[in-house]
Amino acid sequence: MTTPPTTSLKKQIPSSHDLPNIPMKALTIATALLTSLFLVSCQSSSPTPEQLSAVPLQPLPAWTKSKLKTPKNAQQVRIETKLIEITYLPGAKDIPTKRSQKHLSKNQLQTLMRSFSQRKGTDIMTAPTIVMRESEIGKIEMIKEFVYPLPGKKKEFKTENLGVTETFRVHSLSSSKKITFNALVQVKEHIGFETGKSDPAQPIFKERRFDEKVTLTSGHSIIFRGLVSDQQQQIEDATPLLGNLPLFTKKSTEPFKTELILLVTATKIDPSGKPN
């Protein structure tokens, strides 16, 4: 069985390593995405005691671990993704209350992208494209490696991947224009440390995810919505020239919500890369 295709963009914390050899455009996009994902963590107020209770991360779905035999004359599918992050101000009425998906034709996709580009507080980021054969599992990763010490006398460390990981599996394709695939999207964030339970204090992670099985017409797209997260942004107002004096500095926190949207376009292609 061939090695599953993977596109991975990583940065390690605290020590950095060279990124894989990828096009500069993809590197720029990934950097913008990671900056957006981690900016909130840098600006947020300290988590409340309720937030600092460790919740086990969900296990991966069974389809990401199962092995399927790839047919000899397997067809190829190009998976293109767009990640869109929307920031909602307090009191916004259009915040999704549940997760949803919707199929889009090429014209509907263009109309939707225009509406997103005209909306305030919206960042549109394109993730790298991946080409897969039917029955294969492929990944697109835009992550930072969070390295932390484990409790105990021995100096043991563990690495957690923070950021966005997209996993896809294309099912056996028929002669029609339909494509069936699984899509798993994981957004993992660091929200704080456990207090008083171990030495050194262990980090706490939060995860949002989609796990869907969909069928699309080749060349069409699907939009996944509803990955909403609550945030607290710290705001500091200071009087000019006197900002270093506590009397002339005012600090406050402002709640807001962010939503991560995934757009996936799946297209059957021939060996030359042209739509089939």
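All values derive from a computational prediction rather than experimental measurement.

(A) Expanded view of the overall build of the protein chain. Scanning the protein chain from N- to C-terminus turns up two helices and 11 strands. Reading the secondary structure of the protein chain in the N-to-C direction produces β-α-β-β-α-β-β-β-β-β-β-β-β. Across the 276 residues that make up the protein chain, the buried fraction comes to 39%. Residue pairs in contact within the protein chain that sit at least 24 positions apart in sequence constitute 73% of those at least 6 positions apart.

(B) Main features of helix α2 (residues 106-117). Taking 1.5 Å of rise per residue, the 12 residues of α2 would be expected to cover 16 Å, and the 17 Å separating its terminal C-alpha atoms lies within 8% of that figure. Of all the positions in α2, only Leu109, Met113 and Phe116 are classed as buried. Viewed end-on, α2 has its buried residues packed into an arc of 60 degrees, placing them on one side of the element.

(C) How the structure looks around the pattern of salt bridges. Under the definition given, this model contains seven salt bridges. Residues aspartate 94 and arginine 119 are paired through a salt bridge, measuring 2.8 Å at the closest nitrogen-oxygen approach. One end of the pair, aspartate 94, is in the loop between β2 (76-88) and β3 (100-104); the other, arginine 119, is in the loop between α2 and β4 (122-126), and 25 residues separate them in sequence. Looking at aspartate 94, the relative accessible area reads 40%, which means it is partly exposed. Residues glutamate 189 and arginine 208 are paired through a salt bridge, measuring 3.6 Å at the closest nitrogen-oxygen approach. Of this pair, glutamate 189 sits in strand β8 (residues 178-193) while arginine 208 sits in strand β9 (residues 203-217); the two residues are 19 residues apart in sequence, bridging distant segments of the chain.

(D) Summary view of the confidence of the model for the protein chain. When pLDDT is averaged along the protein chain, the result is 77, and 72% of the positions lie at 70 or above. Predicted confidence for residues 11-51 stays below pLDDT 50, and this span has 60 contacts to residues more than four positions away or in other chains.

(E) Seen up close, the side chain of threonine 258. Within the secondary structure, threonine 258 is located in strand β11 (residues 249-269). Those residues in contact with threonine 258 that lie beyond four places of it in its chain are Ile86, Thr87, Arg208, Leu227, Val228, Ser229 and Gln231.

(F) Spatial organisation of the packing of aromatic side chains. All told, the structure shown has five aromatic pairs when counted by the stated rule. Centre to centre, the rings of tyrosine 148 and phenylalanine 205 are 5.9 Å apart; their planes meet at 50 degrees, and the pair counts as tilted. On the criterion of sequence distance, the pair formed by tyrosine 148 in strand β6 (residues 137-149) and phenylalanine 205 in strand β9 is long-range, its members being 57 residues apart. On the accessibility criterion, phenylalanine 205 (11% relative accessible area) is buried. Grouping aromatic residues by their ring pairs yields a cluster made of Phe146, Tyr148 and Phe205. The aromatic ring of phenylalanine 210 is capped on one face by arginine 99, whose charged end is 5.5 Å from the ring centroid.

(G) Representation of the environment of valine 131 within the structure. Mapping valine 131 onto the fold places it in strand β5 (residues 130-133). Valine 131 gets classed as partly exposed once you look at its relative accessible area, which sits at 38%. Sequence separation between valine 131 and threonine 267 is 136 residues; the distance between their C-alpha atoms is 9.5 Å.

(H) Structural context of the nonpolar core. The biggest cluster of nonpolar side chains holds 27 residues, and the ones touching the most others in it are Ile79, Phe168, Phe181, Phe224 and Val264. Residue assignment for this core shows that the elements contributing at least two residues are β2, β5, β6, β7 (157-170), β8, β9, β10 (221-238) and β11. Per-element tally for this core: the top contributor is β8, with five residues. Setting aside residues no more than four positions away along its own chain, phenylalanine 224 makes contact with Ser100, Gln101, Ala183, Phe210, Glu212, Val214, Leu260, Ile261, Leu262 and Val264. In terms of nonpolar packing, the next biggest core, distinct from the first, is built from 10 residues, Ile84, Ile86, Leu104 and Ile261 among them.

(I) Region of interest: unusual backbone geometry. Cis geometry is adopted by the peptide bond preceding proline 200, which originates at aspartate 199 and carries an omega value of 0 degrees. With respect to the helices, strands and loops of the structure, proline 200 is situated in the loop between β8 and β9. Within the chain, serine 135 stands out as a residue other than glycine whose phi angle is a positive 80 degrees. As for its position among the elements, serine 135 is in the loop between β5 and β6.

Rules and cut-offs
- Residues numbered from 1 in each chain as written.
- Predicted model: local features only at pLDDT ≥ 70, side-chain atom pairs only at ≥ 80, totals over all residues.
- Heavy atoms only, no water.
- Helix = DSSP H or I, 4+ residues; strand = E, 2+ residues; numbered from the N terminus.
- Buried < 20%, exposed > 50% of the residue type's maximum accessible area, 1.4 Å probe, protein only.
- Contact = heavy atoms within 4.5 Å.
- Expected span 1.5 Å × (residues − 1).
- Arc of directions from axis to C-beta.
- Salt bridge = Lys/Arg side-chain N within 4 Å of Asp/Glu carboxyl O.
- pLDDT = per-residue confidence, 0-100.
- Phe/Tyr/Trp six-rings, centres within 6.5 Å; stacked < 30°, edge-to-face > 60°.
- Lys NZ or Arg CZ within 6 Å of the ring centre and 35° of its normal.
- Core = buried A, V, L, I, M, F, W, Y, C linked by side-chain atoms within 4.5 Å.

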